[in-house]
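Secondary and tertiary structure notes
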Amino acid sequence: MPRKRLYRSKKKLGQVPGSVIYTGERSKDKLFIETFDYNKDYVFEKELPTVEDTFKFKFTDSVTWINLNGLNHVASIEKLGTHFGLHPLVLEDIVNIAQRPKIDEYEGYIFVVLKMLYYDTKQNIVSEQVSFILGSNYVFSFQESEGDVFDTIRERIRLAKGRIRTMQADYLLYALMDAIVDHYFSIVEVLGDKIEDFETAVFEGQTKDDASKNIQDLKREVLRLRRAIFPLKEVLNRIDRNENNLIQKKTITYFSDIADHLTQVTENIEIYREMTWSLMDMYMTTISNKMNEVMKVLTIMASIFIPLTFIAGIYGMNFENIPELHYKNAYFIVWGIMILIVLGMLYYFKKKKWL
Amino acid sequence: MPRKRLYRSKKKLGQVPGSVIYTGERSKDKLFIETFDYNKDYVFEKELPTVEDTFKFKFTDSVTWINLNGLNHVASIEKLGTHFGLHPLVLEDIVNIAQRPKIDEYEGYIFVVLKMLYYDTKQNIVSEQVSFILGSNYVFSFQESEGDVFDTIRERIRLAKGRIRTMQADYLLYALMDAIVDHYFSIVEVLGDKIEDFETAVFEGQTKDDASKNIQDLKREVLRLRRAIFPLKEVLNRIDRNENNLIQKKTITYFSDIADHLTQVTENIEIYREMTWSLMDMYMTTISNKMNEVMKVLTIMASIFIPLTFIAGIYGMNFENIPELHYKNAYFIVWGIMILIVLGMLYYFKKKKWL
Amino acid sequence: MPRKRLYRSKKKLGQVPGSVIYTGERSKDKLFIETFDYNKDYVFEKELPTVEDTFKFKFTDSVTWINLNGLNHVASIEKLGTHFGLHPLVLEDIVNIAQRPKIDEYEGYIFVVLKMLYYDTKQNIVSEQVSFILGSNYVFSFQESEGDVFDTIRERIRLAKGRIRTMQADYLLYALMDAIVDHYFSIVEVLGDKIEDFETAVFEGQTKDDASKNIQDLKREVLRLRRAIFPLKEVLNRIDRNENNLIQKKTITYFSDIADHLTQVTENIEIYREMTWSLMDMYMTTISNKMNEVMKVLTIMASIFIPLTFIAGIYGMNFENIPELHYKNAYFIVWGIMILIVLGMLYYFKKKKWL
Amino acid sequence: MPRKRLYRSKKKLGQVPGSVIYTGERSKDKLFIETFDYNKDYVFEKELPTVEDTFKFKFTDSVTWINLNGLNHVASIEKLGTHFGLHPLVLEDIVNIAQRPKIDEYEGYIFVVLKMLYYDTKQNIVSEQVSFILGSNYVFSFQESEGDVFDTIRERIRLAKGRIRTMQADYLLYALMDAIVDHYFSIVEVLGDKIEDFETAVFEGQTKDDASKNIQDLKREVLRLRRAIFPLKEVLNRIDRNENNLIQKKTITYFSDIADHLTQVTENIEIYREMTWSLMDMYMTTISNKMNEVMKVLTIMASIFIPLTFIAGIYGMNFENIPELHYKNAYFIVWGIMILIVLGMLYYFKKKKWL
Amino acid sequence: MPRKRLYRSKKKLGQVPGSVIYTGERSKDKLFIETFDYNKDYVFEKELPTVEDTFKFKFTDSVTWINLNGLNHVASIEKLGTHFGLHPLVLEDIVNIAQRPKIDEYEGYIFVVLKMLYYDTKQNIVSEQVSFILGSNYVFSFQESEGDVFDTIRERIRLAKGRIRTMQADYLLYALMDAIVDHYFSIVEVLGDKIEDFETAVFEGQTKDDASKNIQDLKREVLRLRRAIFPLKEVLNRIDRNENNLIQKKTITYFSDIADHLTQVTENIEIYREMTWSLMDMYMTTISNKMNEVMKVLTIMASIFIPLTFIAGIYGMNFENIPELHYKNAYFIVWGIMILIVLGMLYYFKKKKWL
């Protein structure tokens, strides 16, 4: 994840609590409000031009999903909040995109924050904050910009696939959260592939000297993924223990199913975490193995030629009286001795398995 | 474990919850339904051609075990589910073989998922999902394909060995789960042998350069084994605290016995985990010891011959006035000095315990 | 953090418990008492010359914030304590600046200690203790010296920004604590930058031999930051569970918001902690990589020239009968052989990717 | 501990639960039943030939200790179980010597399993399983073979030392368990000595290349010791919380005393565990230090002689015109220069503290 | 801490529980009983010759502190125990100096054990066991020998400093425990200095080869300190939750204050623990850095002179036809080439930052 995303909340330092201030970077995106209103028998789908158009859905009998894109339009969000009676801290949290996943229960509605994760074009994990308000007959979803993982939900509402049209707003919230958590699987899978590919590269010695930097980056990626996903466990636990009548008993079974999926995701992340932590050791042994090989070449070369050079040196001395110099075949005998020495050394290194 | 097994659930992304979709790979296996119906006095065993044939066992007084192999036959499983009143999420979980071990209590039945582990022909651990439905008078078991660890149970039912024929369906569930957990012992034992053999190989320096890769693979195997087995603890704890009248008080004693066995298995896994984590350090010291040996050979060779070569070089100089050159026995004296130097060096290295 | 700050409490050893003894070092700072008294309609702000001037605020209906700077003026603090009925241990803790963050509930008031963190001019983290007393209609804050992070609060009181003027003393306590915790974000951010810069330096090999010392210092800094911040979690948890009527139910929502921020801060600290712990490994691989490079240069040089020198030595021997010496082009042929050897070696090293 | 002891339970795979099958190796040991029957005023001690002789002690008023050695005599143990109304799973656990320490409460009796540890003649820790049945007026103890740590208990019963003769069966159970736990101290002490001796050996470089193997073995020994001892904590906690009237309130004080001792033992094991884990690092630095020394010798030798050899080489050249060759004292001047170079090098190495 | 202190309890193996056996080494110290009897208005201080003299304080209205030094006088301690109705296990624990810190509540009194720590003359941490009995109107303290940290308490009783003379026995116990815990600060501070000094020494390379041994010793010291101090947390927690009327509600505030101090101490110990664990890594990098330096010297020397020696070797060959030998300035040209090679190498090493 790019470094700058970690501190977006900085912009807010020293502000009055409850100030509704957008902390993201997409300040020029236009507002886009998408509405689905449905019950068992009919479905109404429309793009609404202004937030005021959503007000009429407050007291209908049908289930309404209002999906608002463009957190920079804080004035509109505040109007919405006032009409539907949302707490100022909730509005502040919706537009402060550095929230961690959480659930807050208020009188008459539940506020849920979580992270939608996807890979950008450079294969960096991008984390986009999605907030939900679950009221008795409506779900609001707030996103920074268009583009999400909810297309299957839209399809199911339109075509009345599955039981979504026969259920209440709490089931809609479940379906939206489930879509986000399901998408985590593919994120974790890509991460896993990255780690295993890197492992293979390290093992095959195809890494550059920047391997330790890459490992450190992988570690950081795993840690941030953990941070984005793990708090959601607590959110789902609190829904499980929920006594609020906004989430019905029979829907809780479905939320438990998300919790199961999340546990699978987090267990995989933990495995990848341990694997990543081991990578540095693995890389270290690779370096040491390489050095061993370098040292062996040096030792073999030096051990073979140093004694030979010594012998040549002996008979290069200028003493007047060196009897061997005058033997006829001395030169060839010396060559013979040298070859014997080389063979002896080679045999020794072979036995030591250095060759 | 082969890598691809981790992500089978991917196939399901974006599906309506409660969709009964088989996520495995054995899509061509045929359906095989095995039935045991018994009480104290009689036993009936038959292979049933269709799921409809199982419907009659819903209201009998005897205990019925229906063992269904072939999760790809989702239509049959849905029929079964409808007749016996199973929740759509249960059916979804039965055929989604990427579930983690869990227990879910529903009105009138209990749903248990666990992993049957065995080694395939290549000595890789294979994990096959087995689901159980415990009703008041029946147990359903669902497996991906034929071949399991239940043969001793079949024998005990046929021959009325032990107390199985005198007990209810909850005892049957116990017996089936016990058979699976008992088999874990042999899995863990094989893993332990692998680790200890590898340890010996590392220690004896018989490893290739791929040792760090092998260690990483062992770590991953231990982590996945943990993930397949550990959640079962929670399942057994929940049975222990059970207040559902489907599992009788006197049978809970037996389930506690499984919990004891499981704790033994998990403690062994934890020991192997710590051992595996230490292997990399052990391998590292082996590499360093080898390098030490290489360096010693180089140092000994170089330290002995470099001074000798220097002496030879001295008397190879062409100065007009080198008095030693003219002494009659100079050559032999130089040899003597050289031999003394070698002996001195050897003594020094001996004292340092390098030889 | 400078080493000496850890043990300030030493000065107190062997004192009677409840002794109000200042343990800091700024013993010459003058007393500075700042007061804000306000309600919805009016605000009164003044610097008070003596503590006695604060006594009159004990029974007013308005909210009073008394900010006392100068913990060395123990006599004044004791007078204040006596008038407002504070426990001797509370007074002792206010002036003992080695307290860890905590909350103590007493009859009629709540005592909170936390740490205000900032960077001094040398980029060392300085931790200054701030204590709060929350009574029914007043908040006392005690600081070692002037200069704090409360300017935005002062502004909000003066200008009635946000809801502060319409709320009670518990909201004022919230606002003050929130200002401190908000400031932690920038501290952690600077630390994060330090660590990432150091990481880059290590990776680029720009570190001196003191890198391991620096890493150890970074570790210590992270550990001390943890120690200053983490206990605050427990403080906020206890406010959450609070049944004391000094903190109203509707204000607890705000304190939960601080808890959320704190969790973000502590999660970042944990990430930096793991990153810092990994730095030593990363540094180690850098050293090993450097040594590998050194060894390669040595091995290449030695492997190329040692055989050549041997050949030169051969033909420097003084045997009477060395036939090659008399061939006309022998010298040039030997040069040719040598060049071939060099090329062969270079090819070999190229193939091994050592060049 | 020898490897084979870990998997003794294997023999049992696929058996009917409740099958009383001995899983140990001492299948030829004869049955040995020792009885103590006592109250305040009298004591009766006898070796009983058959289990039937124990039946009469079921309804006496005195306290009876029946110590049965020889778990291979399963038929006798089953007879005993039937007469005293023991659950089949209890009998199974008594003779399955791979149990982990545990306590199970049944109607009318309590079943306790723990491990008696001692060193065999080869200084390996041997773990022998001891089971206890505490009834209202009797304690059964089951051991694999004769030889135990209960001699002091026998003595105390015979001579009425301490309060044992005035207390009930629960105190007898306490005394027996206390004897076992007390013996753990000496086991842990021997282990501690082993570790500290090994530490000294590593530090003094007296280890062979198998040090890393030895460290791994020490780790395994500590882990298995932990596994044998730690679960006993839970056993004692459950006795502490006990509401069963088999263990009286005043005796619980004594069991708390065992718990205290056990905590001391486990804390020591934890310390030894951390020490053992550090040993590998310590060994690693030893290896590196050795290599450093080897490298220094090589570097010193090479750095001194390589330049000298070069100078000798210069004046070994055969150029016609080398003026120095003809100077009268050139040879001696060259020697002087060489000696200066050596002294310079030595000074340099001295300054670097390599000598 | 010296090794032998760990196993003192060995002496007791096989003894009857409740045997009052001194396990320390100071068996020749004489008995020393110091008494303070006081209330608001008077104070009586005396050294008592025998334990019998303490009996009269059992039923007084004043607060009595009886400080008994000399645990080897077991007979006297047993007499005291009998008179004041202490449980045999309490007496056993008082004289068994290998107890871990704990609190036991009995009918009519509370028994507390903790460790007084100080440095002996060789800068080793010595841990002396101090036990307290808190009755309704008295506190007994038991020490191995004279010399303690209670002088400030004595002074406060004599001079009625603070509130000690106006409070009950529970406050006296608090004051004594507070004195011991306060002293921990200085112990931990000395340890911290030791670690930081060692860190500096390692960093500056001033360590001998025994550094890894020293680090191991530091680790052990930290672990034992932890073991002596951490259990006290649990003791203080239990006093906090206390419902016994021996410790009054208003005194519990004071005990919470000790708990705060203890948490500060334990947090520091944890920081030192992490620092100590990092030391080995730091030492390792120091070794590697040294080796790098050694290798660089070797490589530079060898890389410079090996090519030069080769050139000299070339012109030392005895071929008849080497044209260069006859050129007039060949010798000087060769020198020029050699100097160029040296400069080139130096430039290369400079660029690589090896010089």
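Residues numbered from 1 in each chain as written. Chains lettered and ligands numbered in written order. Predicted model: local features only at pLDDT ≥ 70, side-chain atom pairs only at ≥ 80, totals over all residues. Heavy atoms only, no water.

**Some words on the relation of the copies chain D and chain E**
- For these two chains of identical sequence, chain D goes onto chain E by a turn of 72 degrees and a shift of 0.0 Å along the axis, with RMSD 0.1 Å. What we have between these two chains is a five-fold relation. By C-alpha distance to the rotation axis, the residue of chain D lying nearest is Gly316(D), at 4.5 Å.
- A share of only 16% of the interface residues of chain D reappears at the interface of chain E, consistent with the copies meeting through non-equivalent patches. (Least-squares fit on C-alpha atoms with pLDDT ≥ 70 in both. Contact = heavy atoms within 4.5 Å.)

**Looking at the UniProt feature "transmembrane region" (unreviewed entry) in chain A**
Residue and element names in this part refer to chain A.
- Under the present numbering, the feature "transmembrane region" (unreviewed entry) in UniProt falls on residues 297-317 and 329-349.
- Annotation note: span residues 297-317, helix share 86%, strand share 0%, distance between end C-alpha atoms 30 Å.
- With 95% helix and 0% strand, residues 329-349 has its two end C-alpha atoms placed 30 Å apart. (UniProt positions renumbered as here; feature names shortened; annotations may be inferred. Helix = DSSP H or I, 4+ residues; strand = E, 2+ residues; numbered from the N terminus.)

**Details of the interface of chain D and chain E**
- Taken residue by residue, the interface counts 70 residues in chain D and 65 residues in chain E.
- Across the chain D to chain E interface the summed buried area is about 6100 Å²; carbon plus sulfur atoms make up 61%.
- One can count 8 salt bridges joining chain D with chain E.
- For the salt bridge of Glu199(D) with Arg220(E), the shortest nitrogen-to-oxygen distance reads 2.8 Å.
- For the pair chain D and chain E, the number of links is 21 residue pairs in polar contact (both at pLDDT 80 or more).
- Among the secondary structure elements, those contributing two or more residues to the side of chain D that touches chain E are α3 (151-159), α4 (169-203), α7 (249-314) and α8 (330-351) of chain D.
- Broken down by element, the residue count for the side of chain D that touches chain E peaks at 34 residues, all from α7(D).
- In terms of residue class, the side of chain D that touches chain E is built from 29 nonpolar, 22 polar and 19 charged. (Buried area = accessible area lost by both parts, 1.4 Å probe. Salt bridge = Lys/Arg side-chain N within 4 Å of Asp/Glu carboxyl O. Polar contact = N/O pair within 3.5 Å; in protein donor to acceptor, adjacent residues only side chain to side chain. Nonpolar A, V, L, I, M, F, W, Y, C, P; charged D, E, K, R; others polar.)

**Structural notes on the interface of chain B and chain A**
- Contacts between the two partners involve 65 residues from chain B, matched on the other side by 70 residues from chain A.
- Interface area, chain B with chain A, both sides summed: about 6100 Å², of which 61% is carbon and sulfur.
- Across the pair Glu267(A) and Arg100(B) runs a salt bridge whose closest N-O atoms are separated by 2.8 Å.
- Counting across the chain B and chain A interface gives 22 residue pairs in polar contact (both at pLDDT 80 or more).
- Elements that contribute at least two residues to the side of chain B that touches chain A include exactly α2 (88-95), β4 (102-106), α5 (211-229), α7 (249-314) and α8 (330-351) of chain B.
- With 20 residues, α7(B) is the largest single contributor of residues to the side of chain B that touches chain A.
- Counted by class, the side of chain B that touches chain A contains 36 nonpolar, 11 polar and 18 charged residues.

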